Amino acid sequence: FGQPKFPKQYPATLDTWADPVETDDKEMAILRPFLKNTNLETRGLKLTYDANRDGWDPVKFHEKVDKLGGGIVYCTTRAGIQCGGYNPKGVSVFILFCALRH
């Protein structure tokens, strides 16, 4: 047990950053430092869903990302603000449906 085996159970750090991964492209290199102590810290990342490319449609979103495991959401608002989030468990329509029912 401990942080190396279960990194997603520990809070995000504010003073240490993840190192780059060889496969990171320009956008992934921006996000990588924030993945310190997560289960994605050393894994290669890939762009799975892009609303501008794949369509602004929740069905298309779930077709692309459901059941793929942990991931990152990254967006830029119309005002140019960059924001995002990390989900160690991944996305599933069933999970979202159950959360909305309760």
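Refer to the structure printed above.
Remember, predicted model here, so these are calculated numbers, not experimental data.

Chemist: Would you mind showing me how to read the pairing of strand β1 (residues 71-76) here?
Modeler: Note on strand geometry: in a regular strand, side chains alternate between the two faces of the sheet. Where β1 and strand β2 (residues 82-87) come together, six bridges link them in antiparallel fashion. From the neighbouring strand, T76 faces β2, where its bridge partner is Q82.

Chemist: Looking at this structure, I do not really get helix α3 (residues 58-65). What am I missing?
Modeler: What sets the pattern is the α-helix's 3.6 residues per turn: residues three or four places apart point alike. Capping the start of α3 is the job of one residue whose side-chain oxygen sits 2.7 Å from the backbone nitrogen of V59: D57. Just past α3, the residue K67 takes up positive phi, approximately 65°.

Chemist: Mind showing me how you'd approach the layout of surface pockets here?
Modeler: Rolled over the atoms, a probe with the dimensions of a water molecule shows which regions are left empty. Here the largest pocket defines a volume of roughly 1300 Å³. Around the largest pocket, the lining comprises 36 residues; the ones closest to its centre are L47, Y49, I72, V73 and Y74. When residues of the lining of the largest pocket are traced back to their parent elements, those giving at least two are α1 (26-31), α2 (51-54), α3, β1 and β2. The element contributing the most residues to the lining of the largest pocket is β1, with six residues. Residue composition of the lining of the largest pocket, grouped by class: 18 nonpolar, eleven polar and seven charged.

Chemist: How should the pattern of salt bridges be read in this particular structure?
Modeler: Pairs can form between side chains of opposite charge once their charged atoms are near each other. Counted under the stated rule, the structure contains four salt bridges. Across the pair R53 and D54 runs a salt bridge whose closest N-O atoms are separated by 2.9 Å. For R53, a relative accessible area of 48% puts it in the partly exposed group. The shortest N-O distance in the salt bridge between D54 and K64 comes to 3.8 Å.

Chemist: Please explain unusual backbone geometry as it appears in this structure.
Modeler: Glycine aside, a negative phi is what most residues show, and trans is what most peptide bonds show. For N37, which is not glycine, the phi torsion reads 65° and is therefore positive. With respect to the secondary-structure elements, N37 resides in the loop between α1 and α2. With relative accessibility at 16%, the residue N37 sits in the buried group. Not every positive phi belongs to a glycine, and K67 is a case in point at roughly 65°. Of note, K67 is situated in the loop between α3 and β1.

Calculation notes
Residue indices begin from 1 for each chain and proceed along its sequence in written order. With pLDDT at 70 or above as the cut-off, local features in this predicted model cover only qualifying residues; side-chain atom pairs require 80 or more to be listed or tallied, and sums for whole chains, interfaces and linings still use all residues. Where side-chain values are given, they derive from all heavy atoms of the structure, hydrogens and water being excluded. Criterion used throughout: strands pair if DSSP finds at least two bridges between them. Note on conventions: DSSP H or I runs of at least 4 residues are helices, E runs of at least 2 residues are strands, and numbering of each starts at the N terminus. Whenever a nitrogen or oxygen atom comes within 3.5 Å of another N or O atom, the pair is scored as a polar contact, on the condition that within protein one atom can donate a hydrogen and the other can accept it, and that pairs from neighbouring residues in sequence are kept only if both atoms are in side chains. Space inside and on the surface of the protein is sampled on a 1 Å grid over the protein atoms alone, with a cavity defined as a set of points where a 1.4 Å probe fits but cannot get out and a pocket as an open set with protein on both sides within 12 Å along at least 5 of 7 lines; lining residues have an atom within 4 Å of a point. Grid points are joined across faces, edges and corners, and a volume is the space filled by probe spheres set on the points. Residue type decides the class: Asp, Glu, Lys and Arg count as charged, Ala, Val, Leu, Ile, Met, Phe, Trp, Tyr, Cys and Pro as nonpolar, and the leftover types, Gly among them, as polar. The salt bridge criterion pairs a side-chain nitrogen of Lys or Arg with a carboxyl oxygen of Asp or Glu, the two atoms within 4 Å. Throughout this description, buried means an accessible area under 20% of the type-specific maximum (1.4 Å probe, protein chains only), exposed means over 50%, and partly exposed covers the range between.

Taken by themselves, the reported measurements are silent on function.
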